[in-house]
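# Reading the structure
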Amino acid sequence: MVERPGHGGTGCAGRARAVGRRRGSIQTELRIYRTAVELFLEKSFDAASVQEIADAAEVSKMTVFNCFGTKEDLVFRPIEDHFSDAARAVRAVRAVRAVRAVRDRAPGASVVAAVRRQFLEMIETRDPSIGLHVEPFGRRIRRLVMETPVLMERAHLTSEKGARELADLLKDETGDPVLALIAAATLTAARNALVEDHHRRLEAGESIEEVVADAADRARHAFALVEGGLGDYARRPA
């Protein structure tokens, strides 16, 4: 059967058009996103209207809602998935365990090792989601969230959702819901503390190079504390 341009959409021409449409959609979403953040910072989240954002981004108000859904999503949707990074790391480890069990029965990585490895990789690539923003725009988003109560609440709830997702994964693996929740909360807290430290140091004037230089060592120490437990942590001298 001959593939005809404009029919079926499964040939090279159809795929090229689909890729072009998707690229245009991504560029539109990015323009709306950056425009919204700038207006929120300039006028406040509550004062800037969706219509103002649409006008500044040169799109319709309906396009804004089609792309993002709600006003809060204009800030959170592009970054929200990162709250579930730890859970995704555990999923990856479980897949590796299954492969190894079939291939050579080698022991699998621990949950702490999985989250630590993922975090170290994100440091190496200077991932903005862990506070290592090369450009100031990412830090401006954080400032917007910190200064807006409704966005702070959304951030907290989303973080809790990510921790619960991780706990559910661990519960399925271990069968103990209480210890799974404790482990998930501990891993999430350690990860959040490291991210907060990156933000704090950058806001204090350190360069991204200075923060990255010892971020990996700080992360290793943090996850070592989680891995070893709190038995001897902050023990007062006798």
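Residues numbered from 1 in each chain as written. Predicted model: local features only at pLDDT ≥ 70, side-chain atom pairs only at ≥ 80, totals over all residues. Heavy atoms only, no water.

### Comments concerning the nonpolar core
One broad trend across soluble globular proteins is that nonpolar side chains are buried collectively. Defined as follows: Put simply, a nonpolar core is a bunch of buried Ala, Val, Leu, Ile, Met, Phe, Trp, Tyr and Cys residues held in one set by side-chain atoms that sit within 4.5 Å of each other. Only protein chains enter the calculation, and the probe is 1.4 Å; a residue is then buried if its accessible area is under 20% of its type maximum, exposed if over 50%, and partly exposed in between. It only takes one pair of heavy atoms within 4.5 Å for two residues to be counted as in contact.
Judged by nonpolar contacts, the single largest core of 27 residues is most densely connected at Phe-119, Ile-123, Ile-130, Leu-132, Leu-187, Ala-219 and Phe-223. Residues within four places of Ile-130 in sequence aside, it is in contact with Phe-119, Met-122, Ile-123, Arg-191, Val-195 and His-198. Core analysis: the next-biggest nonpolar cluster, separate from the first, contains 26 residues, Ala-48, Ala-54, Phe-76 and Leu-144 among them.

### Brief notes about helix H2 (residues 50-57)
To keep it simple, the criterion reads: Runs of H or I in DSSP of at least four residues are treated as helices and runs of E of at least two as strands, each being numbered from the N terminus. In this description, one arc is meant: the one made by directions from the helix axis to the C-beta atoms.
Those residues of H2 that sit buried are Val-50, Ile-53, Ala-54 and Ala-57. The arc that holds the buried residues of H2, viewed along the axis, is 100 degrees, so those residues lie on one side. A positive phi of about 60 degrees marks Glu-58, the residue just after H2.

### Let's talk about the packing of helix H6 (residues 111-124) against helix H9 (residues 177-203)
Rules: Only the stretch in contact is used when fitting a helix axis, every axis being a line fitted to C-alpha atoms; angles between N-to-C directions are given from 0 to 180 degrees. An angle below 35 degrees is treated as roughly parallel, one above 145 as roughly antiparallel, one from 65 to 115 as roughly perpendicular, and anything else as oblique. Throughout, a crossing is termed right-handed when the near helix is turned clockwise from the far one, and left-handed when it is turned anticlockwise from it by less than a right angle.
Between H6 and H9, the least distance of the axes is 11 Å, while the angle of their chain directions is 15 degrees. Of the possible angle classes, the one that applies to H6 and H9 is roughly parallel. The element H6 and its partner H9 pack so that their crossing is right-handed. Along the contact surface, H6 presents Val-111, Val-112, Val-115, Gln-118, Phe-119, Met-122 and Ile-123, while H9 presents Leu-187, Arg-191, Leu-194, Val-195 and His-198.

### Comments concerning the pattern of salt bridges
What counts, and what does not: Salt bridge, as used here, is a side-chain nitrogen of Lys or Arg placed within 4 Å of a carboxyl oxygen of Asp or Glu.
Throughout the structure, instances matching the rule amount to 16 salt bridges. Note that Glu-29 and Arg-77 form a salt bridge whose closest N and O atoms lie 2.9 Å from each other. You can see Glu-29 sitting in helix H1 (residues 12-43) and its partner Arg-77 sitting in the loop between helix H4 (73-76) and helix H5 (85-103), a full 48 residues away along the chain. For Arg-77, a relative accessible area of 37% translates into the label partly exposed.

### Some points on the confidence of the model for the chain
Caution applies to low-pLDDT parts of the model: their predicted coordinates are not meant to be read in detail. Spelled out, the test is: pLDDT measures how confident the predictor is about each residue, on a scale from 0 to 100.
Chain-level statistics for the chain give a pLDDT mean of 79 and a share of 76% at 70 or above. Mean pLDDT per element in the chain: H5 is the minimum at 39, and H2 is the maximum at 96. Note on residues 1-9: pLDDT under 50 across the span, and eight contacts to partners over four residues away in sequence or across chains. The low-confidence segment residues 90-106 (pLDDT under 50) makes 22 contacts with residues lying over four places distant or belonging to another chain.

### What to know about helix H10 (residues 208-228)
Heads up, the rule is: The length a helix should cover is 1.5 Å for every residue beyond the first.
Over its 21 residues, H10 runs 30 Å from end to end, which matches the ideal 30 Å to within 8%, given 1.5 Å per residue. Backbone geometry just downstream of H10 places Gly-229 in the positive-phi region, at approximately 85 degrees.

### Observations regarding the packing of aromatic side chains
Formally: A pair of Phe, Tyr and Trp rings is counted when the ring centres sit within 6.5 Å of each other, with Trp represented by its six-membered ring. The angle between the planes then sorts it: under 30 degrees is stacked, over 60 is edge-to-face, the rest tilted. We call a charge positioned over a ring when the NZ of a Lys or the CZ of an Arg lies within 6 Å of the ring centre and within 35 degrees of the ring normal.
If you walk through the whole model with that rule in mind, you get two aromatic pairs. Each ring, one from Phe-40 and one from Phe-45, has its centre 4.8 Å from the other, and the planes form 55 degrees; the classification is tilted. As far as burial versus exposure is concerned, Phe-40 and Phe-45 are alike and both buried. With 6.1 Å between their ring centres and 65 degrees between their planes, Phe-119 and Phe-223 make a pair best called edge-to-face. With Phe-119 in helix H6 and Phe-223 in helix H10, the pair connects residues that are 104 residues apart, well separated along the chain. Taking the ring centre of Phe-45 as reference, the NZ or CZ of Lys-71 above it sits at 4.9 Å. The ring of Phe-68 carries the charged tip of Arg-77 above its face, separated from the ring centre by 5.0 Å.

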